[in-house]
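So you can see what is in the structure, the chains are spelled out below.
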Amino acid sequence: MIDITADDLKMALLKVSDKSQSVYQNVHMLIKNIFTSAHESHIIPENPSVNLSAKGGKPEKKKEALSDEQVKKLLDAIKGLPPYVFVMIGLYAGLRREEILALKWDCVFLDAKTPYLSVQRAWHSEHNRPVITDELKTKAARRDVPIPNCLLECLKEAKEKSNSEFVIANSDGDPLSYTQFKRLWTYIVTRSNKERTYTRYVNGKATKHTVKPIIGEYAPHNGKVMYTIDFQVTPHQLRHTYITNLIWAGVDPKTVQYLAGHENSKITMDIYAKVKYNRPEDTLNEVNKAFGQI
């Protein structure tokens with residue numbers, strides 16, 4: 001006999017209450033499904049999850065796509081630097097971070113009649129060691145993505161210089177560890193105007209040093225680094241920008257869903273609605289047409 005009370009389940013949900021709303025709701029749904037099924041199958045006499053609240057978790061931060069101007073600033077700032085190819089794949093193929101870091105040249109078809117890359121593997125880190133697997137996030141994640149011309153030239157150049165089977169690799173030709181990826185992304189952060197604090201040791205004593213970058217100036221301890229990125233960017237934002245640009249270009253939602261590797265059409269449609277219909281100036285003509293026909 002399963003001896004679990006409603007209070008036990010509330011405590012379980014409380015442990016994930018500091019996670020995002022989506023994580024909280026997924027855990028809530030899983031608990032409800034398990035105990036509802038057990039009750040209906042007469043495995044337990046009553047369902048302790050009946051009165052569990054689906055409200056909880058931290059609201060997810062609003063995802064903003066990069067503007068064309070921001071994309072140009074970002075690419076200009078890191079041209080010729082280690083994160084450039086990663087950023088280009090994110091912006092112009094829309095792959096997730098784990099898909100980019102697992103991408104091998106055997107899945108990049110540059111000489112095909114229609115150049116494309118095939119998403120077949122995923123990366124994750126265990127104890128700071130990279131693990132490459134053919135188990136993707138969902139079935140829909142396994143997809144073929146056409147390579148636009150700007151990315152095609154970038155990948156051709158990268159392949160000529162590559163000594164690895166991986167598109168994104170460390171100096172030994174191996175996939176990046178978690179620490180190595182963070183170091184890769186640091187090239188972007190250090191060129192932005194994000195305020196940051198470092199800990200330095202002088203005569204064995206730790207002192208905090210705060211940097212407040214000013215756009216157009218050079219880093220005080222590195223004359224080769226100029227602060228030119230006046231916004232903050234995350235790896236996921238690259239993918240979000242790709243999806244947003246597809247929508248703005250008029251690509252139909254089902255094609256967007258496929259190219260993005262979304263298992264659930266709701267995810268695609270939620271993004272589609274926010275991008276396409278969230279500004280009055282974009283919907284006024286449609287509303288006028290609708291009421292003009294009445």
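Above this text you will find the structure in question.
Residues numbered from 1 in each chain as written. Predicted model: local features only at pLDDT ≥ 70, side-chain atom pairs only at ≥ 80, totals over all residues. Heavy atoms only, no water.

*Asks:* Quick question: what am I supposed to make of the sheet that holds strand β2 (residues 116-119) here?
*Replies:* Backbone-to-backbone hydrogen bonds join strands into a sheet, with any given pair of strands oriented parallel or antiparallel. The 3 strands lie next to each other as β1-β2-β5, forming an open sheet whose pairing is antiparallel. In this open sheet, the two edge strands, each paired with only one partner strand, are β1 (108-109) and β5 (143-146). The pairing of β1 with β2 spans 2 bridges and is antiparallel. Counted as the bridge partner of F109 is Y116 from β2. (Pairing = 2+ DSSP bridges. Helix = DSSP H or I, 4+ residues; strand = E, 2+ residues; numbered from the N terminus.)

*Asks:* Please clarify how helix α4 (residues 84-93) should be interpreted in this entry.
*Replies:* A turn of α-helix holds 3.6 residues, and therefore any two residues three or four places apart point the same way. Taken across its 10 residues, α4 has 9 buried, putting it largely inside the fold. Inspection of α4 places Y84, V85, F86, V87, M88, I89, G90, L91 and A93 among the buried residues, and these make up the whole buried set. Looking one or two residues beyond α4, the residue adopting positive phi is G94, at roughly 70°. (Buried < 20%, exposed > 50% of the residue type's maximum accessible area, 1.4 Å probe, protein only.)

*Asks:* What exactly am I supposed to notice about the packing of aromatic side chains here?
*Replies:* The description of an aromatic ring pair uses the distance of the two centres, along with the angle that the planes make with each other. What the rule picks out here adds up to 4 aromatic pairs. An angle of 25° between the planes, with centres 4.6 Å apart, marks the rings of F109 and Y116 as stacked. Exposure remark for F109: the relative accessible area of 31% places this residue in the partly exposed category. In this structure an aromatic cluster arises from ring pairing among F86, F181 and W185. (Phe/Tyr/Trp six-rings, centres within 6.5 Å; stacked < 30°, edge-to-face > 60°.)

*Asks:* What is the right way to read the state of the cysteines from this model?
*Replies:* Linking two cysteines covalently via their sulfur atoms produces the bond known as a disulfide. The final tally for this structure, using the stated rule, is 0 disulfides. With no disulfide of its own, C107 has C154 as its nearest cysteine by sulfur position, at a separation of 18 Å. Residue class for C107 comes out buried when judged on its relative accessible area of 7%. The thiol of C154 is unpaired, and the distance to the nearest cysteine sulfur, on C150, comes to 8.5 Å. (Disulfide = S-S within 2.5 Å.)

*Asks:* Could you clarify how one ought to interpret the environment of R191 in this entry?
*Replies:* Positionally, R191 belongs in the loop between α7 (178-189) and β6 (196-202). Exposure remark for R191: the relative accessible area of 10% places this residue in the buried category. Sequence-wise, R191 and M226 are 35 residues apart; in three dimensions their C-alpha atoms are separated by 6.0 Å. In this view, R191 contacts A77, L81, R196, V225, M226, Y227, T228 and I229; residues no more than four positions away in its chain are not counted. (Contact = heavy atoms within 4.5 Å.)

*Asks:* Quick question: what am I supposed to make of the environment of V27 here?
*Replies:* Among the secondary structure elements, V27 is positioned in helix α2 (residues 21-40). Its relative accessible area of 25% is what places V27 among the partly exposed residues. Considering only alpha carbons, one finds V27 and V16, 11 residues apart in sequence, at a separation of 8.1 Å.

*Asks:* Is there a simple way to explain the pairing of strand β7 (residues 205-211) in this structure?
*Replies:* Within a regular strand, the side chains alternate between the two sheet faces. Of the pairings in the sheet, the one linking β6 to β7 comprises 7 bridges and is antiparallel in character. Each residue of the ladder has a partner; that of T199, found in β7, is K208. Following β6, the chain reverses through 2 residues before pairing antiparallel with β7; N203 in that reversal takes a positive phi of roughly 55°.

*Asks:* Just checking my understanding: could you explain helix α6 (residues 149-161) for this structure?
*Replies:* Over its 13 residues, α6 runs 19 Å from end to end, which matches the ideal 18 Å to within 8%, given 1.5 Å per residue. Within the sequence span of α6, burial applies to L151, L152, C154, L155 and A158. Projection of α6 onto a plane perpendicular to its axis shows the buried side chains occupying an angular sector of 165°, all on one side. Turned more than 90 degrees off the buried face of α6, the exposed positions are N149, E160 and K161. (Expected span 1.5 Å × (residues − 1). Arc of directions from axis to C-beta.)

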